[in-house]
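Next come the chains, spelled out residue by residue.
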Amino acid sequence: MKKLIPAAALVFGALLAGCTTTSAVTKTADVFIYQYSDTYIGTVRTALDTDLKAKGITPTFQDGAGNSSTQIQQIDNAIAAKSKLLIPNLVEQTATGLSVATKAKAANIPAIFFNREVPDAAVTSSTFPDACFVGTDPDQAGYMQGDIIAGGLITAAGGLSETWDQNKDGFISYVMLRADESNAEANGRTKYSVQEANTKLAAKSLSALNHLGADFNAGWSKDTAKTAMDGFITTYGLPGSGKDDKKGGIELVIANNDDMALGAIQSLQGYNFNKGSGSTVMVVGVDATAAGKAAIDSGSMFGTVKQDAEAMATCIAALADNKLSGKDYLAGTDYKWDSTTVHKVRI
């Protein structure tokens, strides 16, 4: 049986339906990764995808493939398509951070930069109130690497460990595998890993680390680091290689990340070093990736510093959800800005 409904009721129902439809807001975000092949950033990307979706945010990820021009075009395209939120992990953070913040502001789009630290000017609250940065203290991992190195080199009695001073000359010779000089994290790790280790060695009246050659920029890459380490070994040798004129060979490898540390280990294993037993050079990295931790468990790598990818993703997702919901970035969270004028959160 059909039931007639007054026309006025139909109109009223249509108005209610219209209100319901327009109140629903789809939350989306465009995420720009500097390079998918970076192992640590891969863990951040996976966690961020999960955390954003858990907040009801649909993310679109794009790979800059280590090419700044490619990435800037991706960001420009997202701005032109009226993105609701930009989450950039910039290829060239120092060179492009300010320009990306400026473009986002002009389009009235908020931006959460992460991991690769942009200049303070790109997230100054007075100029860019809708831009912020989420990342680690750029120097902290370097200090922690120094602690790890010194902890291995200094014996309980306060002497230099003969396990690592393999030619018994009273000091440790090292090579450095670093990343680009425009990266704050790379600079902090390169400088403070050595400085902190030397401070602790000096406190026990032990000799400072002996730097072999120049720091090599392996660009966070395992393959490039492997090639660089091959070159270091050819030039400086390894303990027991007879290259006494080169101060007994390489006894320590310091790498800005685990990927580069693993590249060095791959090279060392070609010379029957660092195979889990027998002759071993101390190798220290950063990130505590699954592969890095496995290398430590196997005895081929000495140590690493954990960067908490999950904590970074959790923070970004919380800030993104707040901003897309019309709230202040830090509303209802325990996160703090570096200062009232510079909107950077440290994980």
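Residues numbered from 1 in each chain as written. Predicted model: local features only at pLDDT ≥ 70, side-chain atom pairs only at ≥ 80, totals over all residues. Heavy atoms only, no water.

Enquirer: It is not clear to me how the overall build of the protein should be interpreted in this structure. Could you clarify?
Expert: A tally of regular secondary structure across the protein gives 10 helices and 11 strands. Relative to the compact-globule value of 20 Å for 347 residues, the protein shows a C-alpha radius of gyration of 25 Å, a clear excess of over 25%. C-alpha atoms of the protein, sized along the principal axes, occupy 100 × 50 × 40 Å. Counting over 347 residues, the protein shows a buried share of 49%. In the protein, once contacts between residues fewer than 6 apart in sequence are set aside, the share between residues at least 24 apart is 68%. Taken together, the 30 basic and 36 acidic charged side chains of the protein have centroids lying 8 Å from each other. (Helix = DSSP H or I, 4+ residues; strand = E, 2+ residues; numbered from the N terminus. Rg over C-alpha atoms; globule rule 2.2 N^0.38 Å. Buried < 20%, exposed > 50% of the residue type's maximum accessible area, 1.4 Å probe, protein only. Contact = heavy atoms within 4.5 Å. Lys, Arg positive; Asp, Glu negative; His and termini not counted. Charge placed at Lys NZ, Arg CZ, Asp CG, Glu CD.)

Enquirer: How do you make sense of helix α3 (residues 68-80) when you look at a structure like this?
Expert: Relative to the 18 Å expected for 13 residues at 1.5 Å per residue, α3 spans 18 Å between its end C-alpha atoms, a close match to the ideal helical length. Within α3, the full set of buried residues consists of Ser68, Gln71, Ile72, Gln74, Ile75, Ala78 and Ile79. Buried residues of α3, seen end-on, are gathered within an arc of 155° and therefore sit on one face of the element. In α3, the exposed residues that point more than 90 degrees away from the buried face are Ser69 and Ala80. Packing partners of the buried residues in α3 comprise β1 (27-33), β2 (57-63), β3 (86-88) and α4 (93-106). Two to three positions downstream of the cap, the backbone nitrogen of Ser69 sits 3.0 Å from a side-chain oxygen, assigning the N-cap of α3 to Asn67. (Expected span 1.5 Å × (residues − 1). Arc of directions from axis to C-beta. Polar contact = N/O pair within 3.5 Å; in protein donor to acceptor, adjacent residues only side chain to side chain.)

Enquirer: How should I be thinking about the pairing of β1 in this particular structure?
Expert: For a regular strand, side-chain orientation follows a simple rule: the groups alternate between the two sheet faces. Counting buried positions along β1 gives six out of seven residues, so the element sits mostly inside the fold. Bridge count for β1 against β2 is seven bridges, and the pairing is parallel. Residue pairing across strands places Asp30 opposite Thr60, the latter belonging to β2. A crossover links β1 with its parallel partner β2, the connecting element being helix α2 (residues 39-54), and its sense is right-handed. In the sheet, β1 pairs with β3 via three bridges, with the strands oriented parallel. Paired with Val31 across the strands is Ile87, a residue of β3. (Pairing = 2+ DSSP bridges. Right-handed = clockwise from strand over helix to strand, strands pointing away.)

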